[in-house]
There are 2 protein chains.
Amino acid sequence: MNKTRKSVINVFVAAIITSALSMNICAQQAPAAAVTPAARPAFQRPPVIISPQLLPDNRVTFRLMANEATSVSVTGDWMPMGKSENLIKSDTGLWTVTLGPLKPEFYGYSFTVNGVRVLDPSNAQLKRDGTRNENVLLVPGAESDLYIIKDVSHGTLSKVWYKSPVLNLTRRMYVYTPAGYENGTGKYPVLYLLHGAGGDEDAWTTLGRACQILDNLIAQGKARPMIVVMTNGNANQAAAPGEAPSVNVLSAQVPSNPASMANGKFEESVVKDVIPYVESHFRVLANKENRAIAGLSMGGAQTQTIANNNPGMFNYIGVFSMGIMNFGPQTADAAKVEQERNDKIEVLKNSGYKLYWVGVGTEDFLYQSVQTLRKTLDSHNFKYTYRETPGGHTWANWRIYLSELTPLLFK
Amino acid sequence: MNKTRKSVINVFVAAIITSALSMNICAQQAPAAAVTPAARPAFQRPPVIISPQLLPDNRVTFRLMANEATSVSVTGDWMPMGKSENLIKSDTGLWTVTLGPLKPEFYGYSFTVNGVRVLDPSNAQLKRDGTRNENVLLVPGAESDLYIIKDVSHGTLSKVWYKSPVLNLTRRMYVYTPAGYENGTGKYPVLYLLHGAGGDEDAWTTLGRACQILDNLIAQGKARPMIVVMTNGNANQAAAPGEAPSVNVLSAQVPSNPASMANGKFEESVVKDVIPYVESHFRVLANKENRAIAGLSMGGAQTQTIANNNPGMFNYIGVFSMGIMNFGPQTADAAKVEQERNDKIEVLKNSGYKLYWVGVGTEDFLYQSVQTLRKTLDSHNFKYTYRETPGGHTWANWRIYLSELTPLLFK
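Quick notes on the rules
Residues numbered from 1 in each chain as written. Chains lettered and ligands numbered in written order. Predicted model: local features only at pLDDT ≥ 70, side-chain atom pairs only at ≥ 80, totals over all residues. Heavy atoms only, no water. Pairing = 2+ DSSP bridges. Helix = DSSP H or I, 4+ residues; strand = E, 2+ residues; numbered from the N terminus. Core = buried A, V, L, I, M, F, W, Y, C linked by side-chain atoms within 4.5 Å. Buried < 20%, exposed > 50% of the residue type's maximum accessible area, 1.4 Å probe, protein only. pLDDT = per-residue confidence, 0-100. Contact = heavy atoms within 4.5 Å. Axes fitted to C-alpha atoms, helices over the stretch in contact; angles between N-to-C directions. Parallel < 35°, antiparallel > 145°, perpendicular 65-115°, else oblique. Left-handed = near helix turned anticlockwise from the far one by under 90°. Nonpolar A, V, L, I, M, F, W, Y, C, P; charged D, E, K, R; others polar. Disulfide = S-S within 2.5 Å. Expected span 1.5 Å × (residues − 1). Bend = angle between axes of the 7 residues up to and from the residue.

## Some thoughts on the sheet that holds strand S3 (residues 53-54) of chain B
Residue and element names in this part refer to chain B. Spatially, S3-S4-S8-S7 is the arrangement adopted by the 4 strands of the open sheet, whose pairing is antiparallel. Edge positions in the open sheet fall to S3 and strand S7 (88-89), since each of these has one partner strand only. Here 6 bridges tie strand S4 (residues 60-65) to strand S8 (residues 94-99), and the two strands are oriented antiparallel to one another. What sits directly across from Phe-62, in S8, is Val-97.

Dropping the structure here:
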């Protein structure tokens, strides 16, 4: 074997070994040493930076190698909006800060280097919230226990394309089928789960940890095995950014009518396109008793519209962080809209339903709208379950609401 | 309606509208203006930065707002390894550079700000290569046409968990089922598609654009509708980083024996765990004529091992950017390994197969190993198809190989 050949092989072997090692530098468990050099039998590799490093007391150390930077800070959603903490530079150019202890939660964070938002290059785990990517930091513990991937049976997550004649698009949705679905012949109840403004069909699984919550609740016997259908609630979008043909991206880029976000077409397509597709392509218990719908924020408004317009279709309705907002001036038109809504709520009540679940955070900027919804429902003697949590208009709350709603479904 | 309430509603309406707009700032089509202010009826938002902006002649403008930075550069995989181009700062703090024209391709790129690698905050579209995230830049044209999401029927991509008794793990794999699978009752041929060192079950769909390549080739009638199964080829890993229970992440973090990456257990699990699962849970033509296996780099080595160890199992075998490497000194053991391989190749030849496809780039650091494989196959009079491309050990080449191999399968 000549020398060049041997060197090439050494590099490859080293690549395999260091790949195997570096594949894990983003693991958030505490390793023996903070900064360990990678195995490098044949070539130089920069030292492996461990960040974030979760300490046994739930404090977290963040590290960034940035020799030429003059300021580095970290911001995460355990801090009040707009706050950050500075990292301190060592003479090797490694910036470090230890924060916390942090409450168990599924957090997002990012660095700012000389005024520019920077994702932690030591942490490959990201979550996308609309157009913004953040690093993931999962602090384990009681409060985040349902969000952790455990050694339980896992459902399958499928990215499914379906035709939407109502929206004149071929669209993508995510479908969670519970563990055992592929093995059996049984039929399942379905939860239709809607995201908020700025989100898309990816949001509930990445930001909302829907698969983990369902896997864990089902494994604990707390929720019935169910199918969860997560649509894209933006009527002018076929799929998440970059996941649809560009013709659709372009048409979404400059919406000819911004009101198309709220023109009722998406709500119509759930009933005319999505539900028929799901009920004909999956093994579904296709009746009111086994049909639920829930949504957050914009999706909470859509949920109300869909439920109001289709009495007798859903036995379970969940409205997260959204109530009733009366846009614009109180004209005769607005009064007509309100009267129509009242009529529909009365029909929905009389059609019968098992659960109408409303949740909101006390600091949510839509808190008042939820109180308006409650007053309206009360005025109809319309029964509902109300859940108030601390916090605002956040995924931390929506994960809690999903965790609390799903055990109540189909029982 | 009081003033606070009205202001809250205005903010919410603005949030919906600007979400709808900002959702699209990462679109790579050329908008009318380079930097357009978002609609902001009620509150201030920073100006929307369009980056990357693809110009009509396939030049690309990159932009980053970084008022406090003193150096900003961009590096992308259209440049030689280690190269970058500087961006120039304007007096508003906006850094800009226009590069190209670029050849149509599915590129990755990132910025460097004061020495720190930074993802383009204007572009939410990322791809992960092992532990490293990059921004996506798709330059459309003939060479990248198969990688573009088009208005054709799309297959479903499912993230499936299966038990692997061989590896003692519950593991995740991705399964592509072609358009029409859910509607029909027919059975399909299957391609088992393996990634390289540093990758995982996600690699072929994000870096390899496997769904787009298959969707487009099938829509054009060039490839048969087929199921594509993409496993995680790291024997000590249950799933991609962050996607498996932490107990498994931990065990992967410090592999007690780095050779576990190449101990043959993964190869065994493909035959004993993966194929039986797929053939019992999907509508599969479960015979040699309808079974193919292919892999790149480490996956190309695994493909050879699996094919050699299971003569008569696969009619189609694809080996990308990998040949035969003789590790270590040429001891008696090594001679024994070589003799065993030669015996197996002879048995594989006599078992019959339809296609053995080998592809490599002329600049690939494993180029010589592929020539060793060819000499070995030639010495057995073992027929194979050989494809040599420009370039190195890159996803650009592996996408081409998948595009060229799949039309040859199951025909």
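## Overview of the nonpolar core
Met-173, Tyr-192, Ile-227, Val-229, Val-278, Phe-282 and Tyr-356 of chain A are the most contacted members of the largest nonpolar core, which has 51 residues in total. At 7 residues, the largest contribution of residues to this core is made by helix H5 (residues 265-281) of chain A.

## A word on the confidence of the model for chain A
Residues and elements named next belong to chain A. Mean pLDDT for chain A: 87, with 84% of residues reaching 70 or above. Every residue in residues 247-259 is under pLDDT 50, and counting partners more than four places away or in other chains gives 20 contacts. This complex was scored by the predictor with a pTM of 0.88 and an ipTM of 0.86.

## Observations concerning the packing of H5 of chain A against helix H6 (residues 298-309) of chain A
All names here are of chain A. At a minimum axis distance of 9 Å, the contact between H5 and H6 shows a crossing angle of 55 degrees. By the angle between their directions, the pair H5 and H6 is classed as oblique. Seen from above, H5 lies across H6 with right-handed handedness. Contact residues: Phe-266, Glu-267, Val-270 and Val-271 in H5; Gln-302, Thr-305 and Ile-306 in H6. In the contact of H5 with H6, the residues fall into 4 nonpolar, 2 polar and 1 charged.

## Points about the sheet that holds strand S7 (residues 88-89) of chain A
Residues and elements named next belong to chain A. The strand order across the open sheet built from 4 strands is S3-S4-S8-S7, with neighbouring strands paired in antiparallel fashion. With one partner strand each, in any of the chains shown, strand S3 (53-54) and S7 form the two edges of the open sheet. Sheet analysis places S7 next to strand S8 (residues 94-99), joined by 2 bridges and oriented antiparallel. Directly across from Ile-88, in S8, lies its bridge partner Thr-96.

## A word on the state of the cysteines
The tally for this structure, following the rule as stated, stands at 0 disulfides over all chains. No disulfide involves Cys-211 of chain A; its nearest neighbouring cysteine sulfur is the one of Cys-211 of chain B, lying 17 Å away.

## A few points about the environment of Glu-363 of chain B
Residues and elements named next belong to chain B. Locating Glu-363 in the fold gives a position in the loop between strand S19 (355-361) and helix H8 (367-379). Glu-363 sits in the exposed class, given a relative accessible area of 61%. Here the alpha-carbon distance between Glu-363 and Thr-394, two residues 31 residues apart in the chain, equals 10.0 Å.

## Looking at H5 of chain A
Residue and element names in this part refer to chain A. When the terminal C-alpha atoms of H5 are compared, their 23 Å separation across 17 residues agrees well with the 24 Å that a helix rising 1.5 Å per residue should span. Maximal helix bending in H5 amounts to about 30 degrees, located at Val-271. By the burial criterion, the buried members of H5 are Phe-266, Glu-267, Ser-269, Val-270, Val-271, Asp-273, Val-274, Ile-275, Tyr-277, Val-278 and His-281. If you follow the buried residues of H5, they end up packed against strand S13 (156-164), strand S14 (169-177), strand S15 (190-194), strand S16 (227-230), strand S17 (291-296) and H6.

## Structural notes on the pairing of strand S11 (residues 126-129) of chain B
All names here are of chain B. Pairing of S11 with strand S12 (residues 132-139), which is carried by 4 bridges, proceeds in the antiparallel orientation. Counted as the bridge partner of Arg-128 is Asn-133 from S12. The antiparallel pairing of S11 with S12 creates a hairpin that spans 2 residues between the two strands, and Gly-130 there sits at a positive phi of about 65 degrees.

## Side note on the environment of Asn-114 of chain B
Mapping Asn-114 of chain B onto the fold places it in the loop between strand S9 (105-113) and strand S10 (116-118). Given the relative accessible area of 2%, Asn-114 of chain B is considered buried. Asn-114 of chain B sits 52 residues away from Val-166 of chain B along the chain, and the two C-alpha atoms are 48 Å apart. Discounting residues that sit within four places of it in the chain, Asn-114 of chain B has contacts with Glu-68, Ala-69 and Asn-114 of chain A together with Ala-69, Thr-70 and Ser-71 of chain B.

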